[in-house]
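So the chains spell out like this:
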Amino acid sequence: GKVIGEKNAEPLIGATVVIKGTTIGASTDLNGAFTLNNIPPGTYALECSYISYENKSITDVVVKQGEAVTLTITLQRKENKLKRKKTMCFQKFKKQ
């Protein structure tokens, strides 16, 4: 699969994709691509995360024997909740 950013579809390098409830997961490469190998047939939920982006859950991912599943996961940037603070400094000068 592949993990991309919503705004301009750029690949997200180093995003993490895991199968929920397991220790099976992968990180994306320089192209935003990831591979999860040797997954037994079944229905799974994935969790995708990346720094400064909202986590995303994908449910009902069906894996069938001998078939590859290819997903493109799009993540949204988190809103910047930091507030700017103005600091003013005054200096008094004495007349001589």
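Our structure is the block above this text.
Cut-offs applied
- Residues numbered from 1 in each chain as written.
- Predicted model: local features only at pLDDT ≥ 70, side-chain atom pairs only at ≥ 80, totals over all residues.
- Heavy atoms only, no water.
- Salt bridge = Lys/Arg side-chain N within 4 Å of Asp/Glu carboxyl O.
- Helix = DSSP H or I, 4+ residues; strand = E, 2+ residues; numbered from the N terminus.
- Buried < 20%, exposed > 50% of the residue type's maximum accessible area, 1.4 Å probe, protein only.
- Core = buried A, V, L, I, M, F, W, Y, C linked by side-chain atoms within 4.5 Å.
- Contact = heavy atoms within 4.5 Å.

Draft legend 1. Main features of the pattern of salt bridges. Summed over all chains, the structure comprises 1 salt bridge. Of the charged contacts in the structure, one is a salt bridge between Glu47 and Lys20, with a shortest N-O distance of 3.5 Å. Here Glu47 is found in strand β4 (residues 42–49), whereas its partner Lys20 is found in the loop between β2 (16–19) and β3 (25–27), with 27 residues between them in sequence. Judged by relative accessible area, which is 41%, Lys20 ranks as partly exposed.

Draft legend 2. Structural view of the nonpolar core. Counting 17 residues, the largest nonpolar core has Val3, Val17, Ile73 and Leu75 as the members making the most contacts within it. Of all elements in the fold, only β2, β4, β5 (56–63) and β6 (72–75) reach the threshold of two or more residues within this core. Ignoring anything within four residues of it in the chain, the contact list for Leu75 reads Val3, Ile4, Gly5, Glu6, Leu12, Cys48, Ser49, Tyr50, Tyr53, Glu54 and Lys56.

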